[in-house]
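Tertiary structure, described
Given next are the chains, with one letter for each unit.
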Amino acid sequence: MSGATSLAQATVAGRAEAVSGTRWRAPDGRRTLQLALAVVWLLDGVLQLQPFFFVPGAKGFSGMLGGMAAGNPGFVARSITWNASVVDHHAVATNTAFAFIQIFLGLGIAWRPSARAALGASVIWSVSVWWFGEGLGGVLQGHGNPIAGGPGAVLFYALLAVLLWPSERSGAGRPFVAARAVGTPVAKAIWAVVWSGLALLSLVGSGRSPQGARAVIAGVDEGEPRWLAGIDRHAESMVAHRGLAVAVVLAVICVTVALGVFLPAPAGRVTIGLAIVTAAVIWVVGQNFGMILAGSATDPNSGPLLILLALAYWPRRRRPVSDDSGSDRAPVVATVGGVV
Amino acid sequence: MVTVSVYSIGRLAVSRRWGRRNHADVTVSHLLMGVAMVGMLVPRWKVFPDGLWEVIFGIDAVYFLVLSIRFVGRYGFEGTDDDHVHHISHPLVHMVTGCAMLDMYWLGMPITAASGIGMSMSGPPTGSGDPGLTLFIIVVLIASAVWQLDSISRFSPRQLALSAVGAGPAGNGSGGSGTSGAGSGQRWLAPRLELACHIAMCVTMGYMLVLMV
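What you see as residue numbers is a count from 1 along each chain, following the sequence as written. To label them, take the chains in the order written and letter them from A, then take the ligands in the order written and number them from 1. Where totals are concerned, whole chains, interfaces and linings use all residues; where local detail is concerned, this predicted model gives features only for residues with pLDDT of at least 70, and gives and counts side-chain atom pairs only at 80 or more. Only hydrogens and water are removed before side-chain values are computed, so all heavy atoms of the structure are retained for them.

A look at the overall build of chain A
For chain A, the helix and strand inventory stands at 14 helices and 0 strands. Secondary structure counts use DSSP, requiring at least four H or I residues in a row for a helix and at least two E residues in a row for a strand, with both numbered from the N terminus. Ordered by position from N to C terminus, the α and β elements of chain A give α-α-α-α-α-α-α-α-α-α-α-α-α-α. Throughout, exposure labels follow a simple rule: accessible area from a 1.4 Å probe, protein chains only, divided by the maximum for the residue type, with under 20% read as buried, over 50% as exposed, and the rest as partly exposed. Across the 340 residues in chain A, those meeting the buried criterion constitute 51%. Contacts are assigned to residue pairs that have any heavy atoms within 4.5 Å of one another. Pairs at least 24 residues apart make up 72% of the contacts formed inside chain A by residues separated by at least 6 positions. In the structure as shown, chain A presents an accessible area of about 14,500 Å², 69% of it carried by carbon and sulfur atoms. Only the protein chains shown count as covering a residue, and every accessible area follows the Shrake-Rupley method with a 1.4 Å probe.

Encoded structure:
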């Protein structure tokens, strides 16, 4: 009797699944990282609603944007200046639009039916912000130091959207989450390029000057709470006049991390762990949590994005599974909520 | 927030009248928070003095703390409740929202409704709270909003149809009754709207706390 009932229930369930598509699943590793990305987008949008950004003029948001033009090539500088002037003339309208675009990107990624569209839109928005809002991350000005957030935190949003894209590459098993959308060779190449690029950026431009690292830290400690300012002062004294040494050490770490993805899983975990620790230290000491605590942040800067990126490359413990299993887990606790 | 408050009143009335299952404690909490935040944003709509609100939200936070402790005692940290729907995150996040309200009152709400851009700084925060703690609360609230939005499709009619035939409240494979309320004989009242209220509450609280950091 119970067997017949179970069979009937299974049949009905199968029909329902066939009609509705797929059954709701708890977030797997990739979905968890997508949700983490959505959290950052939503935080960005909320931060964009701070009163400071609605103020026109040199001391407002438009002044901040216009300041990115200096040092960039003419055509880039002109486009940044044009954007800043538009924001200056329509400060409230443009900033409201910017804030709600980011809020909708966050909510869009979080809501499953719109996740794909929101991830795609986030790539376009990120690249636009990188150009018009961050002045190409200061890369062409020699200010793309990774400690300060180079080559632009917003680029990592776009990169994560691509790597966490909800599709599956056919082929052999995937050793980490980031390989699911683009395939293992491409994902490894992206990782190597990103971290090699960070190594390069730490060595070029102002970052390697004797006071380069100290200047970056000193530039973010204004308005921070006492405990964080204390960490900053200690760090400043440690790196004062040692800018070149700091740059070289950071470059060596970045190269090591870049190569780590090609190593066997146990060694790979060590290098990914090194990447996470490095990003965390940079986020706290060099970026002061994106200066959110000082009340002047537009985003949390590159630290958390680098950590998310590293988690997307965390080698899986289990053997590769089929495409639709959704069972791969990044080392993130997936809190599955119920009805609130 | 006005919409959430009005909806919460209606939800309490309808669930009682129709005999539908509802988280009355959560709905009351949403109602109180909505009214309190409206008063923060529009001072002339402030219904209680700040001190009374602090007591109310202190009780609210302690209530959900007690629920959290009881939950852990019965189901453990990783378990789900008898409906196989709620995790420990359910009472915990409501405790955090209560704490967020307290944080707002302790820090001193610096915003008021103003002409033009709809908000303005009326002075620096008067409190001496820890901005690190405030940032932590903001991240928890926003993360809760995102995770709840992710799970909202769990309660679509299609998914509930699946759970009603024993496919489980999606995802956990537990085969539980989910919001169909098969175990109790009663259906939940509009679970997705309750989630939507929670999401709106979390985002608004996050925004207001950001203004105070």
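Some thoughts on the overall build of chain B
Helices and strands together make up the secondary structure of chain B, namely 7 helices and 2 strands. Start at the N end of chain B and walk to the C end: the helices and strands fall as α-α-α-α-β-β-α-α-α. Expressed as a percentage of its 213 residues, the buried residues of chain B come to 52%.

Some words on the packing of helix α13 (residues 265-286) of chain A against helix α14 (residues 302-312) of chain A
Residues and elements named next belong to chain A. A fitted line through C-alpha atoms serves as each axis, taken over the contacting stretch for helices, and the angle formed by two N-to-C directions is quoted from 0 to 180°. Closest axis-to-axis distance for the α13/α14 pair is 8 Å, and the angle between their directions is 170 degrees. The angle between the axes of α13 and α14 places the two elements in the roughly antiparallel class. Contact residues: I272, A275, I276, A279, A280 and W283 in α13; G303, P304, L306, I307, A310 and L311 in α14. Amino acids are sorted into nonpolar (Ala, Val, Leu, Ile, Met, Phe, Trp, Tyr, Cys and Pro), charged (Asp, Glu, Lys and Arg) and polar (every other residue, Gly among them). Here the contact of α13 with α14 is built from residues that sort into 11 nonpolar, 1 polar and no charged. An angle counts as roughly parallel when it lies under 35 degrees, as roughly antiparallel when it exceeds 145, as roughly perpendicular when it falls between 65 and 115, and as oblique in every other case.

Description of unusual backbone geometry
In the segment running from A:G150 into A:P151, the intervening peptide bond is cis, with an omega of 0 degrees. A positive phi angle, close to 50 degrees, is found at A:N288, a residue other than glycine. Of note, A:N288 is situated in the loop between α13 and α14. The phi torsion at B:A190 lies on the positive side, around 35 degrees, for a residue other than glycine. Among the structural elements, B:A190 can be located in the loop between α6 (157-164) and α7 (191-212). For B:A190, a relative accessible area of 26% puts it in the partly exposed group.

Re helix α9 (residues 184-203) of chain A
All names here are of chain A. In a regular helix each residue adds 1.5 Å, so 20 residues correspond to 28 Å; α9 covers 29 Å between its end C-alpha atoms and thus fits that length. Listed as buried for α9 are T184, A187, I190, W191, A192, V194, W195, L198, A199, L201 and S202. Where α9 is buried, its residues meet α7 (153-163), α8 (179-182), α12 (243-260), α13 and α14. G205 sits one or two residues past α9 and shows a positive phi near 70 degrees. Helix span is expected to be 1.5 Å times the residue number reduced by one.

Structural notes on the pattern of salt bridges
Here, a salt bridge means any Lys or Arg side-chain nitrogen found within 4 Å of an Asp or Glu carboxyl oxygen. As enumerated under the stated definition, the model contains 9 salt bridges over all chains in all. Close ionic contact of B:D150 with A:R112 constitutes a salt bridge, the shortest N to O distance being 2.7 Å. One end of the pair, B:D150, is in helix α5 (residues 131-151); the other, A:R112, is in the loop between α5 (91-110) and α6 (115-133), on a second chain. With relative accessibility at 1%, the residue B:D150 sits in the buried group. By relative accessible area, which is 25% here, A:R112 ends up partly exposed.

A look at the packing of helix α1 (residues 2-18) of chain B against α7(B)
Residues and elements named next belong to chain B. Between α1 and α7, the least distance of the axes is 11 Å, while the angle of their chain directions is 150 degrees. Judged by the inter-axis angle, α1 sits roughly antiparallel to α7. Crossing handedness for the pair α1 and α7: left-handed. Here V4, Y7 and R11 of α1 lie close against α7, whose contacting residues are L193, E194, C197, A200 and M201. Less than a right angle of anticlockwise turn of the near helix away from the far helix marks a crossing as left-handed, whereas a clockwise turn marks it as right-handed.

A look at a nonpolar patch on the surface
Patch rule: a residue counts if its relative accessible area is over 30% and it has no salt bridge; like charges are joined within 9 Å, and nonpolar side chains (Val, Leu, Ile, Met, Phe, Trp, Tyr) within 5 Å. On the surface, a cluster of nonpolar side chains totalling about 490 Å² of accessible area is made up of A:L200, A:L203, A:V204, A:L244, A:V248 and A:V252. Residue classification places A:L244 among the partly exposed positions, given a relative accessible area of 48%.

Notes on the environment of B:S8
All names here are of chain B. Note that S8 resides in helix α1. Overall, S8 belongs to the buried group, its relative accessible area being 1%. Along the backbone, S8 and L32 are 24 residues apart, and their C-alpha atoms lie at a distance of 9.3 Å. Sequence-distant contacts of S8, that is, excluding residues within four places in its chain, are made with T27, H30 and L31.

Focus on the packing of aromatic side chains
Stacked, tilted and edge-to-face pairs are distinguished by plane angle, under 30 degrees for stacked and over 60 for edge-to-face with tilted covering the rest, among Phe, Tyr and Trp rings (Trp via its six-membered ring) whose centres lie within 6.5 Å. On inspection of all chains with the given rule, the structure shows 19 aromatic pairs over all chains. Measuring from ring centre to ring centre gives 6.2 Å for A:F100 and A:F104, while their planes differ by 40 degrees; the resulting arrangement is tilted. Taken together, the positions of A:F100 and A:F104, both in helix α5 and 4 residues apart, correspond to about one turn of that helix. On the basis of relative accessible area, A:F104 is assigned to the exposed category, the value being 55%. Each ring, one from B:F57 and one from B:Y105, has its centre 6.4 Å from the other, and the planes form 20 degrees; the classification is stacked. Remark: B:Y105 occurs in helix α4 (residues 89-107) and B:F57 occurs in helix α3 (residues 50-75); sequence separation between them is 48 residues. Residue classification places B:F57 among the buried residues on the basis of a relative accessible area of 0%.

Overview of the nonpolar core
The definition of a nonpolar core used throughout is a set of buried Ala, Val, Leu, Ile, Met, Phe, Trp, Tyr and Cys residues joined through side-chain atoms within 4.5 Å. Ranked by internal contacts, the top residues of the largest apolar core, which has 124 residues, are A:W191, A:W195, A:L309, A:Y313, B:M37 and B:M101. Counting residues per element, this core draws most heavily on α7(B), which supplies 13 residues. Leave out the neighbours within four places in its chain, and B:M37 touches B:M1, B:M101, B:M104, B:M201, B:T204, B:M205 and B:M208.

Observations regarding the environment of B:G10
Residue and element names in this part refer to chain B. Within the secondary structure, G10 sits in helix α1. What makes G10 partly exposed here is its relative accessible area of 32%. Along the sequence, G10 and T27 sit 17 residues apart, while their C-alpha atoms lie 9.9 Å from each other.

What about the side chain of A:Q34?
Residues and elements named next belong to chain A. Tracing the backbone through its elements, the reader meets Q34 in helix α2 (residues 29-47). With relative accessibility at 4%, the residue Q34 sits in the buried group. At 2.8 Å, the side chain of Q34 and the side chain of R31 are in polar contact. Non-local contacts of Q34, meaning those with residues more than four positions away in its chain, are made with I109, L119, L164, W165 and P166. Each polar contact in these results corresponds to two N or O atoms within 3.5 Å; when the atoms are within protein, one needs to be able to donate a hydrogen and the other to accept it, and residues that are neighboring in sequence are counted only if both atoms are side-chain atoms.

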